[in-house]
Every structure is written in C-alpha cells, then in structure tokens.
Amino acid sequence: MKNLIKSRRHLWDMMPCVIKTYIGWPLRLIPKSCLFGRSFRENYKFVRDGQWQSIDVVQKYQLNRLQAILKLAYQRTKFYRQMFDTIGIRLDDFQSLDYISKLPTINKQDVIENIEDMRTKNVNKKDVDFGSTGGTSGTPLHFYMNANRSFIEYAYLTTSWERIGYKLGMPMAVLRGRIV
C-alpha cells in the first residue's frame, strides 16, 4: 500500500535533487505565503487571530471541532462506529468538553490490528500520505494521514516561532521526523 501514496509532498520528496534545484530557483521569487497556498494563509491568519481569543471562544471552538471529528469517525469508520456502539457513546450526548473523559482510549496495538477499519478515506487518493514512527519502542507504527497537513501544521509552527523573532521566509533548520 505504501507505494500507492502519491501526495504532492511525497512526489516532491521522491524527486531527484537536480530537478528540485531547477524548479526551486524560480519558486524562490514567489512570496512564501503565496507559495504555501490558500490553506496555509487561512490557517496562519486563524492561528494568529485565535491566540488572542477568550477562553470561552476557544472552548466553544474546541467543542465544535471535537464534535465534528467524532461524527466523522463514527460515520466513516467501522472501528469507531463499533467501539462507540459497544460502550454506548452517543454523539448527541457530547455537549461539553467534560464529556471527553467518557471517550475510550486506543493504543498502538489497536492501530496495528485495525488500521484498515480506522481509515476515513480511500488510501489511493492524492490527499492521503502513509507514515510511520521510528520504531524506538520495538515496532514501527504505520498510519495514514492527510497529505495537506504540512501547510496547516506549518501555520501553527510559524505562529509559535514568531514569538521568539522568526519571520516567515527566514532560513532555519528543523531536524525531526525526516531523514536528513
């Protein structure tokens, strides 16, 4: 299955360095916020504005997002639908953040044994990436994730880095999760 994953990020990572260099020179002329795309710009603005919101606004947002995630998991995955039905979780009951304590937890073995039943999308789509942990606990954990997550994650990271003086486009090195 790993070979079927064809996200833009994956294709860029697999591209020979010579081609990346050739394409990279003209890309440097484009402002970073434009180069990263609309998803980045929207999330960047959301995070920058959101950091100054009241706790009530933040908690309402968190509750709405949790409700949406639980609904997605229930409607699109066999694993979570069965789990919620078995323990009596009703999505309509989830009306406060306190209800989160009633949600079951999963572990690494649950993911290993049920990865196909946990997917919300077809793994052959271009917006799905395949990833894994390093396996420092003995066995790597393989999983699927949204291929567009990089720009969303980068919006959050950039906002936090700005607190210590970073400006979008400044050179920096981040050593994590990738072979350097």
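Refer to the structure printed above.
Residues numbered from 1 in each chain as written. Predicted model: local features only at pLDDT ≥ 70, side-chain atom pairs only at ≥ 80, totals over all residues. Heavy atoms only, no water.

Trainee: Sorry if this is basic, but what is going on with the layout of surface pockets here?
Mentor: Summary: where empty space remains is shown by rolling a probe the size of a single water molecule over the atoms. Its boundaries defined by the atoms lining it, the second largest pocket holds a volume of some 870 Å³. What lines the second largest pocket is a set of 24 residues, among which Ile69, Leu72, Met118, Thr120 and Tyr144 lie closest to the centre. Secondary-structure elements contributing two or more residues to the lining of the second largest pocket are α5 (55-76), α6 (78-87), α7 (108-118) and β2 (142-146). Broken down by element, the lining of the second largest pocket gets its largest block of residues, six residues, from α5. Taken together, the residues that form the lining of the second largest pocket break down as 17 nonpolar, three polar and four charged. (1 Å grid on protein atoms, 1.4 Å probe; cavity = no way out; pocket = protein on both sides within 12 Å on 5 of 7 lines; lining within 4 Å. Points joined across faces, edges and corners; volume = space filled by probe spheres on them. Helix = DSSP H or I, 4+ residues; strand = E, 2+ residues; numbered from the N terminus. Nonpolar A, V, L, I, M, F, W, Y, C, P; charged D, E, K, R; others polar.)

Trainee: Help me out: how do you make sense of the pattern of salt bridges in this one?
Mentor: Any two side chains of opposite charge can pair if their charged atoms end up close together. Counting across every chain of the model gives five salt bridges. In this structure, the salt-bridge partner of aspartate 49 is lysine 45, at a minimum N-O distance of 2.5 Å. Here aspartate 49 and its partner lysine 45 are both found in helix α4 (residues 37-50), four residues apart, which amounts to about one turn of the helix. Judged by its relative accessible area of 53%, lysine 45 is exposed. Aspartate 92 serves as the salt-bridge partner of arginine 90, at 3.9 Å between the closest nitrogen and oxygen. Judged by its relative accessible area of 47%, arginine 90 is partly exposed. Accessibility expressed as a relative area gives 58% for aspartate 92, which makes it exposed. Several salt bridges converge on common partners, so that one network encompasses Arg90, Asp92 and Asp93. (Salt bridge = Lys/Arg side-chain N within 4 Å of Asp/Glu carboxyl O. Buried < 20%, exposed > 50% of the residue type's maximum accessible area, 1.4 Å probe, protein only.)

Trainee: I would appreciate a short explanation of α7 in the present structure.
Mentor: Residues spaced three or four apart along an α-helix face the same direction, because each turn holds 3.6 residues. Among all positions of α7, only Val111, Asn114, Ile115 and Met118 are buried. Contact partners of the buried residues in α7: α6 and β2. The opening residue of α7 is asparagine 107, an N-cap whose side-chain oxygen sits 3.0 Å from the backbone nitrogen of glutamine 109. (Contact = heavy atoms within 4.5 Å. Polar contact = N/O pair within 3.5 Å; in protein donor to acceptor, adjacent residues only side chain to side chain.)

Trainee: Can you walk me through the packing of α6 against α7 in this structure?
Mentor: Angle between the axes and distance between the axes: these two values describe a pair of packed helices. Relative to each other, α6 and α7 sit at 110°, their axes nearing to 7 Å. In terms of orientation, α6 and α7 fall into the roughly perpendicular class. In this structure, α6 uses Lys78, Phe79 and Tyr80 to contact α7, whose residues at the interface are Asp110, Asn114, Asp117 and Met118. Class assignment of the residues belonging to the contact of α6 with α7 gives a composition of three nonpolar, one polar and three charged. (Axes fitted to C-alpha atoms, helices over the stretch in contact; angles between N-to-C directions. Parallel < 35°, antiparallel > 145°, perpendicular 65-115°, else oblique.)

Trainee: How should the environment of glutamate 162 be read in this particular structure?
Mentor: Checked against the element boundaries, glutamate 162 lands in helix α8 (residues 149-162). When the C-alpha positions of glutamate 162 and arginine 48 are compared, they lie 9.8 Å apart, and in sequence the two are 114 residues distant. Discounting residues that sit within four places of it in the chain, glutamate 162 has contacts with Tyr44 and Arg48.

Trainee: What exactly am I supposed to notice about α8 here?
Mentor: The end-to-end C-alpha distance of α8 is 20 Å, a good match for the 20 Å that 14 residues give at a rise of 1.5 Å each. Those residues of α8 that sit buried are Ser150, Tyr154, Ala155, Thr158, Thr159 and Trp161. Taken end-on, α8 shows its buried residues confined to a sector of 165°, consistent with a single buried face. (Expected span 1.5 Å × (residues − 1). Arc of directions from axis to C-beta.)

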